[in-house]
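Fold and contact review
Each chain is listed here by its residues.
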Amino acid sequence: MRHQNITRSTLARGNVRTLRQQEELPLLRDHLLRLDRVSRHDRFQGFMDDSFIERYAAKCADDGTIIIAYFEDGVVRGAAELHPPDQSPDSLPEIAFSVEASVRRQGVGSILFKKLIAEARSKGYQSLRITTGAQNQAMRALANKFGAHLKFRHGESTGSIDLKQLPQPELAIATAVETARAIVNFNRAYWKLLLRMYGWGRTA
């Protein structure tokens, strides 16, 4: 698992990186415990008590689940989970998301979604399964944005994302700020090389 891949967001103030499963287990657990009642209900399709969440986080640390976290001031405020296919009844890797109320409407969900999809593609996955509560309008809209075809059944929305059909631009995780910075750095290096080639800028 990659541990140091960090992505700076433009709207949100934090950064995104993959958690180390065992060492950073408390970060995911504490994030899930901070979810308000409605968010907890949306995430787990029902209200789950603290003991359930503690067991769930421990299971994620042991079963190979990849956890991509959004940090602000060293605290996880959002998480995207990529569960291995052997944990799913239809052998599809399943994804799940949670974002605390304090950082919503800042593009955190989209950033996590893009990073998770890139991770799934790097593992050779061709399709992902997503399940969310029928009342979770924000997650349903986000899933639709990334090509999920959701169906309502038994009080929840479930569907799949075909990674082969997903347009490549949606998978770009570099932000506009990072792109602009890269262009500036390239131009600076280019002109420095050009001046050196022609002997300009040398001191006597």
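Let me begin by describing the structure that accompanies this report. (Residues numbered from 1 in each chain as written. Predicted model: local features only at pLDDT ≥ 70, side-chain atom pairs only at ≥ 80, totals over all residues. Heavy atoms only, no water.)

Moving on to the packing of aromatic side chains. In this description, an aromatic ring pair is defined by two values, namely the gap between the centres and the angle between the planes. This structure, assessed with the given rule, holds four aromatic pairs. Pairing F97 with F113 gives two aromatic rings, centres 4.5 Å apart and planes at 25°, and the pair type is stacked. Here F113 lies in helix α4 (residues 108-122) and F97 lies in strand β5 (residues 94-99), a separation of 16 residues in the sequence. With relative accessibility at 0%, the residue F113 sits in the buried group. An aromatic cluster is built from F44, F52 and Y56, whose rings are joined through pairwise contacts. Taking the ring centre of F44 as reference, the NZ or CZ of R43 above it sits at 4.5 Å. (Phe/Tyr/Trp six-rings, centres within 6.5 Å; stacked < 30°, edge-to-face > 60°. Helix = DSSP H or I, 4+ residues; strand = E, 2+ residues; numbered from the N terminus. Buried < 20%, exposed > 50% of the residue type's maximum accessible area, 1.4 Å probe, protein only. Lys NZ or Arg CZ within 6 Å of the ring centre and 35° of its normal.)

On to the nonpolar core. Among the nonpolar cores identified, the biggest contains 27 residues, and I95, F97, L112, F113, L116, L128 and I130 are the most heavily contacted of them. Within the residue set of this core, elements represented by two or more residues are β3 (66-72), β4 (75-83), β5, α4, β6 (127-133) and α5 (137-145). The dominant element in this core, judged by the number of residues it contributes, is α4, at seven residues. Leave out the neighbours within four places in its chain, and L128 touches L82, P93, I95, L116, A120, G159, S160, I161 and L163. (Core = buried A, V, L, I, M, F, W, Y, C linked by side-chain atoms within 4.5 Å. Contact = heavy atoms within 4.5 Å.)

Looking at the element boundaries, H83 is found in strand β4. A relative accessible area of 11% means that H83 is categorised as buried. Only 3.0 Å separates the side chain of H83 from the side chain of T65, close enough to count as a polar contact. (Polar contact = N/O pair within 3.5 Å; in protein donor to acceptor, adjacent residues only side chain to side chain.)

All quantities given are derived from atomic positions and should not be read as evidence of function.
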